[in-house]
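Structural description and commentary
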Amino acid sequence: MSGFTRLFGGGKKKAAAPPSPQDAIQRLRQTEEMLEKKTDFLVKKIEQELANAKKHGTKNKRAALMALKRKKRYDKQLQQIDGTLSTIEFQREALENANTNAEVLRNMGVAAKALKAAHQQLDVDDVHDLMDDIQEQNELADEISQALTQGVGAQADIDEDDLLAELEEMEQQDLDEKLLDVGEPDLELPEVPVTAPPAAAARAKPAKAKTHEDAELAELENWAAA
């Protein structure tokens, strides 16, 4: 039975694997490059045939008409290629978008699996218990801080209002003293000279000399009496 099938070609052939999106995109780009080269060739041929038609003009109408006919054919081919290029460009862009979407979906699938694996290691009840513990510890820390800031012993009995009133009273006294100091003038008396003036010194010298003469006379009298 198998030989009969092979003989008449009735066996099923394996379907060829479809090309990858990257291969298809590459082929479309190659086709676009080929058609663009063909477009450049046709544009040059059209310019050439138009120049020939102008060259012959009325001198050789047959040659001029043949050149215009060839130009028309080239124009038609150029229009067809432009349409084909537009179709290929649209197909290539659609394929590129589909390839991008497929890659995005693959990456999202990988991320979803990784997220699922991560969540399998977590339990919702454990998370709630952990958050409750954190909240409880935060409240305990706040109570400890408040207890530490309340003060101990006599320091806790001090009234801040009384301290502020005392501070204001001291400031007022300081201000009053400054106002009193401003009312008294600062008088500076001239210093008394220590050395005598020249005239007084001149008058004092004769007195000193007279005193010396009196001493000598007294000494002479004492010697005579002896």
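Going by the structure above, here's the rest.
Residues numbered from 1 in each chain as written. Predicted model: local features only at pLDDT ≥ 70, side-chain atom pairs only at ≥ 80, totals over all residues. Heavy atoms only, no water.

Tallying secondary structure elements over the protein gives 7 helices and 0 strands in all. Across the 226 residues in the protein, those meeting the buried criterion constitute 9%. Residue pairs in contact within the protein that sit at least 24 positions apart in sequence constitute 76% of those at least 6 positions apart. (Helix = DSSP H or I, 4+ residues; strand = E, 2+ residues; numbered from the N terminus. Buried < 20%, exposed > 50% of the residue type's maximum accessible area, 1.4 Å probe, protein only. Contact = heavy atoms within 4.5 Å.)

Further remarks concern the nonpolar core. Counting 9 residues, the largest nonpolar core consists of L28, L35, L42, I46, Y74, L78, I81, L85 and I88. Broken down by secondary-structure element, the contributors of at least two residues to this core are helix 2 (21-56) and helix 3 (61-120). For this core, the leading source of residues is helix 3, giving 5 residues. When residues no more than four places from it in sequence are discounted, the contact partners of L28 are I88, Q91, R92 and L95. (Core = buried A, V, L, I, M, F, W, Y, C linked by side-chain atoms within 4.5 Å.)

Residues L122, V127, L130, M131 and I134 make up a contiguous nonpolar surface patch of roughly 470 Å² in combined accessible area. By secondary structure assignment, the location of L122 is in the loop between helix 3 and helix 4 (124-149). The exposure class of L122 is exposed, given its relative accessible area of 57%. (Patch = residues over 30% accessible without salt bridge, like charges linked within 9 Å, V, L, I, M, F, W, Y side chains within 5 Å. Areas by Shrake-Rupley, 256 points an atom, 1.4 Å probe, with all protein chains shown as cover. Salt bridge = Lys/Arg side-chain N within 4 Å of Asp/Glu carboxyl O.)

Another point: the side chain of K71. Within the secondary structure, K71 sits in helix 3. With a relative accessible area of 17%, K71 lands in the buried category. Here K71 is in contact with I46, E49 and L50, once residues within four sequence places are set aside.

A surface patch of like charges, here negative, comprises D123, D125, D126, D129, D132, D133, E136, E139, D142 and E143. On the secondary structure map, E136 appears in helix 4. (Lys, Arg positive; Asp, Glu negative; His and termini not counted. Charge placed at Lys NZ, Arg CZ, Asp CG, Glu CD.)

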